[in-house]
Amino acid sequence: MGSGGRLYCAFISACLVVLGMLLMLQVFVGFRATGPRWVTKDGVTFTIISIDNSRDGGQPGGGARGNQPERSGSPRGLETRGAVFLESEAGVLWDYMPQFYQDENENFTQMQSDRSQIDLQPWAGGQPSFTAEVQRFIEYISTTQVHCARELTAGEPQEEKILAGSWTVCLEGWFLNREMGPCVAYSFSLDQKDAGFVSRMASLAGCEVHQFDPGARPVPGRDERGVKRHQTWLDWRESKHGSRRNTPKKLGLIMESLGHHKVEFVQADLESAEWKVLENLVLDGTLGRIQQLVVTVHLHWAGFEVGGSEAGVVRFWYSLLKELQGAGYRLLHSARGPGHTILRHRLAGISSTYTLSWVNTRWNY
């Protein structure tokens, strides 16, 4: 081959090399433009790269997504709720960055409707203090917030003040609308300690009464007072599968099984399970389906599945009852019961149990 031929081959080779370099540069720049750039604490720059599997529908295994385009800046795997970790080029996990890409991902804020936890109130004294928390809590549950002109109580007016664990419900028109038909009352208690409530709600209030006691034998139909008895018990967790009639259930599921969308009166003495049940009613929204709530709270120990320091437990109790107030509930009546200890501390002038009667001022039939 002559010198001219060799020059021609060298020129073609050089062109091919340059063309290859240009193509590689274009691909490299294209990849760098697909995601935002971040800098680690050590100054290492990295880019998040999003790869679109459009041919397979954008899902592993070829699942279809329709015609929704992939949004730039929202790489798959980062569209998650809660904590997100970013990985640097050196392969080291970087900072914890909650709610990353919230502005980029329009579906990010579509959380599930149920809340996962209640909002804790600030510490009573600005820092953890058992004494300060107890003082605030007892003052709160001892101060009524609403007045009712027509009340139904556990006994005659002159007797009611001295009854331990007494209760009060409001029969005033703006709380109870008789035009909507007979009221519905639920009562949860062991060993029929709620006999007085059940009897008065059936005979004096004229309600359709359902009495729940897992140890009581159910009566076919209704008893002579018109009361329907159930062995079902109230729980804050998902019901276990089974055919037993006394399987514990959430209040919403009990209401659904009895065909009640709303209930006027709920009375509950749950032997220290009340804190988790109340929390569940707040978190799943069932609280708004109750007009009046009479609940006995037990303070001698933290309660089922309630943990933390002593100050933290009382703060949780207080925060939970403040959630009731935030949902429109107001304290109508407070009655002290037996005992004088809170979390094993014996305190003068304080009881171990209180029966609290609340009315839902946002009630709407």
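Quick caveat: nothing in here was measured; it's all calculated off a predicted structure. (Residues numbered from 1 in each chain as written. Predicted model: local features only at pLDDT ≥ 70, side-chain atom pairs only at ≥ 80, totals over all residues. Heavy atoms only, no water.)

Attention shifts here to the confidence of the model for the protein. Looking at the protein, pLDDT values average 74 and 64% of them are 70 or higher. Here residues 29-113 is modelled with pLDDT under 50, and outside its nearest four sequence neighbours on either side it reaches 107 contacts, counting other chains as well. (pLDDT = per-residue confidence, 0-100. Contact = heavy atoms within 4.5 Å.)

Tallied over the entire structure, the rule returns 7 salt bridges. The partner of Glu133 in a salt bridge is Arg136, with the nearest N and O atoms 2.8 Å apart. With Glu133 and Arg136 both in helix H2 (residues 130-141) and 3 residues apart, the pair spans about one turn of that helix. The exposure classification of Glu133 matches that of Arg136, with both residues buried. With a shortest N-O distance of 3.5 Å, Arg237 and Glu305 are connected by a salt bridge. In this pair, Arg237 sits in the loop between strand S9 (228-230) and helix H5 (251-258) while Glu305 sits in the loop between strand S11 (290-298) and helix H7 (310-326), placing the two residues 68 residues apart along the sequence. Taking relative accessible area as the criterion, Arg237 reaches 35% and is therefore assigned partly exposed. By relative accessible area, Glu305 is classed as exposed at 53%. Bridged by salt links that share partners, the residues Lys193, Asp269 and Glu271 form one connected network. (Salt bridge = Lys/Arg side-chain N within 4 Å of Asp/Glu carboxyl O. Helix = DSSP H or I, 4+ residues; strand = E, 2+ residues; numbered from the N terminus. Buried < 20%, exposed > 50% of the residue type's maximum accessible area, 1.4 Å probe, protein only.)

Assignment of secondary structure puts Arg115 in the loop between strand S4 (93-96) and H2. Overall, the relative accessible area of 33% leaves Arg115 in the partly exposed class. Counting along the chain gives 169 residues from Arg115 to Asp284, while the straight-line C-alpha distance between them is 6.9 Å. Ignoring any residue separated from it by four or fewer positions in sequence, one finds Arg115 in contact with Val282, Leu283 and Glu323.

What follows is about H5. Along H5, the positions that sit buried rather than exposed are Leu251, Gly252, Ile254 and Met255. Along the axis of H5, the buried positions cluster into a sector of 160°, meaning they face one direction only. H5 presents Glu256 and Ser257 as exposed residues on the side facing more than 90 degrees away from its buried surface. In the segment just after H5, Gly259 is the residue with positive phi, at about 75°. (Arc of directions from axis to C-beta.)

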